[in-house]
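Spelled out from the first residue to the last, the chains are:
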Amino acid sequence: MADKAYLGHKIRRLRAEQGLTQTSAAKALGISASYLNLIEHNQRPLTLPLLLKLGRAFDVDLQTFSEDEDARVISELREVFADHLFDSFGIPVEDIDAVVASAPALAPAIQALYRSVVESRNSVTTLVEQLSDDASRGQLAFDLRTLLTNVRSFSEILLNHEDLEQTERQHFISILVRESERLGERMADLFDASPWSEGNPLSSTIQSRTDVADFFQAQGNYLDDLEQAAGTLHAEGIQSANNALDILTRHLLIRHGIHVKMTDQPDRVSVDLEQSSLSLSAHISQNEAAFLCAKEIAYLDLDEILKSFLPDGNHPGERAELVEALTDYFACAVLMPYDAFLDTAHRYAYDIDVLKNIYGTTFTQCCLRLASLRRPNASGIPFHLIQVDIAGNVLRRMAGSGLRIPRLGSPCPRWNVHRAFLNPEQINTQLDETVHEGRYFSIACATSTPGANYGSPRAWSATAIGCDVSYASRTIYANDLDFDVKTPIPVGSTCRTCSRYDCQDRAYPNIYPTDLLNARPSD
């Protein structure tokens, strides 16, 4: 934080929460009431010495006075109001900033309301797309018309022919019941995809991933409980990637009586607890098999720990997304133990090719582990991470470097995570400069998951990790780069909130004036 900060609204709110008058608060801070009044109205800055005194006097976490936190919330609200939904309202950016400054409790409420709108929109879009598909729409219409005709015909027969033999009547009734059941099934198929379908996971996928990212950001990307559990498992004898699968399969057998077997199934993994078996596809690598075994151990051994991370009231889809991310974290921690991996990363200057060969993991798994090396007093480079599919959809995001990754929509098309698809399986580096002149160094690579057999489609994704440029020299990827002369790529976050009007890659117009987006508080 700067030596001077204009945070009067936070002082007023703190004083009101503690039921203090300006006079009593000023006395506790050792200043005059008139001077405190000037501070509260942003006529005088809250200096660092006074901030420290305030923390001691009122026993508050100084992080609550962080300008960076306000900037993050303001940025996220601007992204919300950049939606086309609000185009006709002409909401000035100053009003958004004022909400965070004067009524901060409204910000999360607005975000929650907007999330609900996004979920409803996604559900309706999914239903419309399903119904607009010619093949499915034609088949559905044909089935419903046929079944309704059958039900009506046999109902009329029963109604108009009272002289039917009992056996004939019973026969027609059985047909009517059967056709009614089929009609109900087809109607259920229709409504299962609707926005009012209970437990429909389609509408919450995007929001689930956003909530997962927020969870890890709140934890600082480091989960000590999972690290400790991974260390305990690693102590059972995992010495290298070569013996990891043997140790993990033995753990599953001895601890849970589960036999791990390789099969010709197309699915990477399937679990049958009733049969005490874990089936892995023979088409995956030994290292990937070890990763999947570690994830299954997390589900079985760490049920209570996993539950402790889950907030109450989550949608089932959101809980599933978070549990999936937690088991990924645990598996990475098992195969890449913290201290050893951090030491190796330092020794080889964060060379991901070397790291994944030593630890027998993938590029993406190595990047996930690098982004989680955030143990207090034993931290690696603070990386952010983003993973996208070939269509640009964000599959995973982790904050950490200071670069803001958009919560909604696709990230800036100039980020090298997109360009990585042009040269798959190759490392792509890029120096970025954001709208507010922050500089970040990014390392990206596009990789694929092999198909089950020859001819099967591959699933492609690209993963990028990045850091503030001040850390770049600690990586091997910056060895041949002179950042003083290298021209950075001008990037934004997402088009709707980016003020670079001369960008040829812009997909949507920016809704905020350039001078407002670039405005900065004076020191």
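Refer to the structure above for everything that follows.
Residues numbered from 1 in each chain as written. Predicted model: local features only at pLDDT ≥ 70, side-chain atom pairs only at ≥ 80, totals over all residues. Heavy atoms only, no water.

Let's talk about the overall build of the protein chain
- Each helix and strand in the protein chain was counted, giving 20 helices and 13 strands.
- Here the protein chain holds 523 residues, and the buried ones make up 44% of them.
- Long-range contacts, defined here as pairs at least 24 residues apart, represent 61% of the contacts in the protein chain between residues at least 6 apart.
- For the protein chain, the exposed surface amounts to about 27,300 Å²; the carbon and sulfur share of it is 52%. (Helix = DSSP H or I, 4+ residues; strand = E, 2+ residues; numbered from the N terminus. Buried < 20%, exposed > 50% of the residue type's maximum accessible area, 1.4 Å probe, protein only. Contact = heavy atoms within 4.5 Å. Areas by Shrake-Rupley, 256 points an atom, 1.4 Å probe, with all protein chains shown as cover.)

So, the packing of aromatic side chains
- Enumeration over the complete set of coordinates arrives at six aromatic pairs.
- Arranged with centres 5.8 Å apart and planes meeting at 85 degrees, the rings of Y222 and Y338 form a pair that is edge-to-face. Placement of Y222 in the loop between α10 (205-218) and α11 (224-234) and of Y338 in helix α16 (residues 338-347) is noted, with a sequence separation of 116 residues between them. Of the two residues examined, Y222 and Y338, each falls in the buried class.
- Plain terms: the ring middles of Y350 and F383 are 5.8 Å apart, the flat faces sit at 70 degrees to each other, and that makes the pair edge-to-face. In this pair, Y350 sits in the loop between α16 and α17 (352-359) while F383 sits in the loop between β7 (378-379) and β8 (384-389), placing the two residues 33 residues apart along the sequence.
- Cluster of aromatic residues (ring-pair linked, three or more members): F215, F216, F309 and Y329. (Phe/Tyr/Trp six-rings, centres within 6.5 Å; stacked < 30°, edge-to-face > 60°.)

Comments concerning a nonpolar patch on the surface
- A surface patch of nonpolar side chains, about 240 Å² in accessible area, is lined by V269, V271 and L273.
- In this structure L273 comes out as exposed when scored by relative accessible area, which is 54%. (Patch = residues over 30% accessible without salt bridge, like charges linked within 9 Å, V, L, I, M, F, W, Y side chains within 5 Å. Salt bridge = Lys/Arg side-chain N within 4 Å of Asp/Glu carboxyl O.)

Here's the deal with the sheet that holds strand β5 (residues 277-281)
- Taken together, three strands build an open sheet; the order of strands is β3-β5-β4 and the sheet is mixed. Among the strands making up the open sheet, the edge pair consists of β3 (259-263) and β4 (269-272). Across the sheet, the axes of successive neighbouring strands diverge by a mean angle of 20 degrees, strand direction being ignored.
- Looking at chain direction, β3 and β5 are connected through five bridges and run parallel. Following the sheet pairing, M262 is matched in β5 by L280.
- The strands that helix α13 (residues 286-301) touches are β3, β4 and β5; relative to β5, the one it contacts most, it runs at about 150 degrees. (Pairing = 2+ DSSP bridges. Axes fitted to C-alpha atoms, helices over the stretch in contact; angles between N-to-C directions.)

Overview of the packing of α17 against helix α18 (residues 363-371)
- Axis separation between α17 and α18 bottoms out at 9 Å; the angle between their running directions is 100 degrees. It follows from the interaxial angle that α17 and α18 lie roughly perpendicular. Judged by residue contacts, I352, L355 and K356 of α17 engage F363, C366, C367 and L370 from α18.
- Split by residue class, the contact of α17 with α18 holds six nonpolar, no polar and one charged. (Parallel < 35°, antiparallel > 145°, perpendicular 65-115°, else oblique. Nonpolar A, V, L, I, M, F, W, Y, C, P; charged D, E, K, R; others polar.)

Some details on the pattern of salt bridges
- What the rule picks out here adds up to 11 salt bridges.
- Between R439 and E433 there is a salt bridge whose closest N-O contact spans 3.1 Å.
- Relative accessible area serves as the criterion here: at 28%, R439 is assigned to the partly exposed category.
- Using a relative accessible area of 21% as the deciding quantity, one classes E433 as partly exposed.

Notes on helix α3 (residues 33-40)
- Every buried residue of α3 is listed here: L36, I39 and E40. Across the axial projection of α3, the buried residues extend over an arc of 95 degrees, all falling on one side. (Arc of directions from axis to C-beta.)

A short note on empty space enclosed by the protein
- One pass over the structure, following the stated rule, counts four cavities of 30 Å³ or more.
- Surrounding the largest cavity, 13 residues form its lining, C412, G492, C495, C498 and C503 being those nearest its centre.
- For the lining of the largest cavity, the class distribution of residues is seven nonpolar, two polar and four charged. (1 Å grid on protein atoms, 1.4 Å probe; cavity = no way out; pocket = protein on both sides within 12 Å on 5 of 7 lines; lining within 4 Å. Points joined across faces, edges and corners; volume = space filled by probe spheres on them.)

Digging into unusual backbone geometry
- In this structure, A349 takes a positive phi of about 55 degrees despite not being glycine.
- When you line up the elements, A349 lands in the loop between α16 and α17.
- Although it is not a glycine, Y350 adopts a positive phi angle of roughly 60 degrees.

A closer look at the nonpolar core
- Ranked by internal contacts, the top residues of the largest apolar core, which has 72 residues, are F216, L248, L326, F330, V334, I352 and L370.
- The contact partners of I352, leaving out residues within four places of it in the chain, are F363, C366, C367, L370, I443, I465 and Y477.
- Membership of the second largest hydrophobic core comes to 16 residues, among which are I386, V394, I405 and A444. (Core = buried A, V, L, I, M, F, W, Y, C linked by side-chain atoms within 4.5 Å.)

Quick word on a negative patch on the surface
- Residues E162, D163, E165 and E168 make up a contiguous surface patch of negative charge.
- With respect to the helices and strands, E162 occurs in the loop between α8 (134-160) and α9 (166-192).
- Taking relative accessible area as the criterion, E162 reaches 72% and is therefore assigned exposed. (Lys, Arg positive; Asp, Glu negative; His and termini not counted. Charge placed at Lys NZ, Arg CZ, Asp CG, Glu CD.)

Things to note about α16
- The set of residues buried in α16 consists of Y338, F341, L342, T344 and A345. The buried residues of α16 occupy one face: seen down the axis, they fall within an arc of 165 degrees. Of the residues in α16, the exposed ones pointing more than 90 degrees away from the buried face are D339 and R347.
- The inward-facing, buried residues of α16 abut α11, α17, α18, β6 (374-375) and β7.
- Phi turns positive one or two residues past the end of α16, at A349, with a value near 55 degrees.

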